[in-house]
Amino acid sequence: EESAAWFRQNLLKAYMENMPLDYLVEGLNYLSLAEISAGSLAGKAAVLCHGEEDKIAPVSEALEIKKEVPEVGLVILRKCGHAPFLNAGFCLEKNG
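If you're wondering where the values come from, they're calculated on a predicted model, not measured in any experiment. (Residues numbered from 1 in each chain as written. Predicted model: local features only at pLDDT ≥ 70, side-chain atom pairs only at ≥ 80, totals over all residues. Heavy atoms only, no water.)

1. A look at the environment of G81
Mapped onto the elements, G81 comes out in the loop between β2 (73-77) and α5 (90-95). On the basis of relative accessible area, G81 is assigned to the buried category, the value being 16%. With 24 residues separating them along the chain, G81 and A57 place their C-alpha atoms 9.2 Å apart. (Helix = DSSP H or I, 4+ residues; strand = E, 2+ residues; numbered from the N terminus. Buried < 20%, exposed > 50% of the residue type's maximum accessible area, 1.4 Å probe, protein only.)

2. Quick notes on the confidence of the model for the protein chain
Per-residue confidence for the protein chain averages 80 on the pLDDT scale, and 85% of its residues sit at or above 70. Per-element mean pLDDT across the protein chain ranges from 49 in α5 up to 93 in helix α4 (residues 59-68). In this model, residues 92-96 is a region of pLDDT below 50 whose contacts with residues beyond four sequence positions or in other chains number five contacts. (pLDDT = per-residue confidence, 0-100. Contact = heavy atoms within 4.5 Å.)

3. Digging into the side chain of S40
Among the structural elements, S40 can be located in helix α3 (residues 38-41). With a relative accessible area of 17%, S40 lands in the buried category. Reaching out from S40, the side chain makes a polar contact with the backbone nitrogen of S37 at a distance of 2.9 Å. (Polar contact = N/O pair within 3.5 Å; in protein donor to acceptor, adjacent residues only side chain to side chain.)

4. Thoughts on the layout of surface pockets
Empty space among the atoms becomes visible once a probe the size of a water molecule is rolled across them. Taken as a whole, the largest pocket spans an internal volume of roughly 940 Å³. Considering every element that reaches the lining of the largest pocket, the biggest residue donor is helix α2 (residues 21-33), with six residues. A per-class count over the lining of the largest pocket returns 21 nonpolar, four polar and two charged. (1 Å grid on protein atoms, 1.4 Å probe; cavity = no way out; pocket = protein on both sides within 12 Å on 5 of 7 lines; lining within 4 Å. Points joined across faces, edges and corners; volume = space filled by probe spheres on them. Nonpolar A, V, L, I, M, F, W, Y, C, P; charged D, E, K, R; others polar.)

5. Describing the nonpolar core
Counting residues in each nonpolar core, the largest one holds eight residues, listed as A38, L41, A46, L48, A62, I65, V69 and V72. Of all the secondary-structure elements, those providing two or more residues to this core are α3 and α4. Every residue in contact with V69, bar those within four places of it in the chain, is listed here: A38, L41 and A42. (Core = buried A, V, L, I, M, F, W, Y, C linked by side-chain atoms within 4.5 Å.)

6. Section: α2
The end-to-end C-alpha distance of α2 is 19 Å, a good match for the 18 Å that 13 residues give at a rise of 1.5 Å each. Sparse coverage of α2 is indicated by the burial of one of its 13 residues. (Expected span 1.5 Å × (residues − 1).)

Next up, the structure:
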C-alpha cells in the first residue's frame, strides 16, 4: 500500500507529464506480458540496466538475477529510479 501511494504521488505524475498516453499504455501492456527472470535470461546475451533508487523493482532483484546467471551483464545507474529516462539530464549525465 505504501509503494502504491508513493507511485501515485510521484512516478505516475512524471509518467503522465512526460509520455503520450498511448505510448504509456503500450509500454504497460508489454511489461504485463514480459518475464525478466534468471530462467528467461539463461543462455542469452543480455545486460540489465537498473536504477539504484528503483522503488518498484528493487536493485536486489537485479543482483539476484546476476548471481543466478553470471554471464548476464549488470549496470546499476546511480541516482536513477525505475524509469531512468525520466530523470532530468539522464542522457547528458550518462553519455557525456
